[in-house]
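If you want the building blocks of each chain, they are given just below.
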Amino acid sequence: MSADQGVAAEPLLRVDDLRVDYRGVVAVGGVSLRVAEGQCVAVIGANGAGKTSLLRAVGGFVPAGAGSRVELAGVDLTRMPAHRRVRAGLGSVLENRHLFPHMTVRDNLELGAAAAPGRSGAGLRGALSLLPELEGLLDRRAATLSGGQQQFVAIGRALATEPRLLLLDEPTNGLAPRLVERVIEIVRHLRAAGTATLLVEQRLEVAVAITAEVHVLAHGRVVHSTDGDTADLARIAHSAYLS
Ligand SMILES: Nc1ncnc2c1ncn2[C@@H]1O[C@H](COP(=O)(O)OP(=O)(O)OP(=O)(O)O)[C@@H](O)[C@H]1O
Ligand SMILES: [Mg+2]
């Protein structure tokens with residue numbers, strides 16, 4: 001028997017007892033979850049459940065509360081600033097996309113690649129190979145693009161950092177059905193290529209089209225986890241949206 005047989009692989013992302021509060025308003029009240037290398041884990045929940053706050057705290061855009069711990073590949077990120085987390089391998093597509101509207105698509109993507117120097121250097125090319133729809137837009141200013149196109153630029157910029165794990169906050173929000181399908185396809189491709197994702201979604205059907213690992217967040221806490229079995233989806237939907 002080889003040394004590693006029977007031993008579960010260390011998860012890529014470990015989140016333990018994560019707490020976020022905004023001046024006393026508890027948005028995330030102690031969430032623990034794991035994402036393995038190349039795995040996609042989805043977090044679903046109603047408006048205000050704490051999904052964005054959870055992703056922001058993992059990405060380092062809001063501070064995590066006392067006792068929280070965020071670890072990527074064994075490295076403690078909990079108090080690390082966001083830009084260093086990008087270098088450690090965390091890419092983010094946040095709500096509102098945060099593109100630079102007066103810069104071209106190419107420059108927005110280059111910023112992603114520049115945010116994580118010292119990786120393979122193939123970030124921009126890699127992003128474009130996964131998102132060929134951006135090729136024809138490279139010289140356009142971001143502000144002139146449709147919402148859907150901007151969303152793909154935001155995904156491309158995050159991919160240009162060559163992340164080991166991508167944080168996606170409602171990437172299908174406001175997109176036409178054809179583009180929702182495209183986002184699903186992209187996340188599936190990422191998984192096949194070994195990039196893990198932590199996906200926040202309000203649409204249950206999008207989450208389950210991508211992964212069977214779904215956590216349901218309500219009032220800042222995980223109230224249900226599928227653990228790979230989505231047979232009880234009706235109950236999940238109920239607890240996510242009607243609690
Ligand atoms: N900057 C902030 N200041 C104060 N309270 C906030 C702030 N951001 C979020 N909240 C509160 O924290 C809670 C969780 O919000 P959050 O945005 O994380 O939820 P969400 O699940 O992403 O919601 P949505 O589906 O609307 O995106 C809500 O009660 C919200 O009002
Ligand atoms: Mg949100």
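Sequence order as written defines the numbering, with residues in each chain counted from 1. Going through the entries in the order they are written, you letter the chains from A and number the ligands from 1. Totals for whole chains, interfaces and linings use every residue, but because this is a predicted model, local features are given only for residues with pLDDT of at least 70 and side-chain atom pairs only at 80 or more, for both listing and counting. Excluding hydrogens and water, the side-chain figures rest on all heavy atoms present in the structure.

As recorded by an unreviewed UniProt entry, the protein carries the name ABC transporter ATP-binding protein and is attributed to Frankia nepalensis. For the record of the protein, the UniProt heading Sequence similarities (unreviewed entry) holds the text "Belongs to the ABC transporter superfamily." UniProt positions are given in the numbering used here, feature names are shortened, and annotations may be inferred rather than shown by experiment.

Draft legend 1. Spotlight on the coordination of the magnesium ion (ligand 2). Sites may look incomplete because water is not among the atoms; the donors themselves are N, O and S atoms within 2.8 Å of the metal, or within 3.2 Å for Na, K and Ca. Ligation of the magnesium ion (ligand 2) by protein atoms is provided by Thr 52 (OG1) and Glu 95 (OE), these donors lying 1.9 to 2.6 Å from the ion. Residue Thr 52 is found in helix α1 (residues 51-59), and its partner Glu 95 is found in the loop between β6 (90-93) and α3 (105-115); the two are separated by 43 residues along the sequence. Secondary structure elements follow DSSP: runs of H or I of four or more residues count as helices, runs of E of two or more count as strands, with numbering from the N terminus.

Draft legend 2. Layout of the site of ligand 1. Close contacts around ligand 1 come from 14 residues, with Gly 48, Gly 50, Lys 51, Thr 52 and Ser 53 the closest. Here a polar contact means two N or O atoms within 3.5 Å. Within protein one must be a hydrogen donor candidate and the other an acceptor candidate, and residues neighboring in sequence count only if both atoms are side-chain atoms. Measuring from an oxygen atom of ligand 1, one finds a side-chain N or O atom of Thr 52 at 2.8 Å. In isolation ligand 1 offers 630 Å² of accessible surface; the protein chains occlude 63% of this area. Among the elements that take part in the shell around ligand 1, α1 stands out by supplying 4 residues, more than any other. The residue inventory of the shell around ligand 1, partitioned by class, reads 4 nonpolar, 6 polar and 4 charged. A molecule or strand has a residue near it when one of that residue's heavy atoms lies within 4 Å. Note on areas: Shrake-Rupley with a 1.4 Å probe; residue coverage comes only from the protein chains shown. Throughout this entry, Asp, Glu, Lys and Arg are counted as charged residues, while Ala, Val, Leu, Ile, Met, Phe, Trp, Tyr, Cys and Pro are counted as nonpolar. The remaining residues, Gly among them, count as polar.

Draft legend 3. Quick look at the confidence of the model for the protein. As a per-residue measure, pLDDT reflects the predictor's confidence and takes values from 0 up to 100. Scored by pLDDT, the protein has a mean of 89; 89% of the residues are at 70 or more. The contact definition used throughout considers only heavy atoms, calling two residues in contact when any of these lie within 4.5 Å. Taken as a whole, residues 1-6 scores under 50 in pLDDT and shows 0 contacts with residues more than four places along the chain or in a different chain.

Draft legend 4. Region of the structure containing the pattern of salt bridges. Salt bridge, as applied in this entry: a Lys or Arg side-chain nitrogen positioned within 4 Å of an Asp or Glu carboxyl oxygen. Per the stated rule, a full pass over the model turns up 9 salt bridges. Residue Arg 106 pairs with Asp 139 through a salt bridge whose shortest N-O separation is 3.0 Å. Within this pair, whereas Arg 106 is found in helix α3, its partner Asp 139 is found in the loop between α4 (123-130) and α5 (147-160), the two being separated by 33 residues in sequence. Three exposure classes are used, based on accessible area relative to the maximum for each residue type with a 1.4 Å probe and protein chains only: buried under 20%, partly exposed in between, and exposed over 50%. Residue classification places Asp 139 among the exposed residues on the basis of a relative accessible area of 61%. Because the salt bridges share partners, they merge into one network encompassing Arg 69, Glu 71 and Asp 76.

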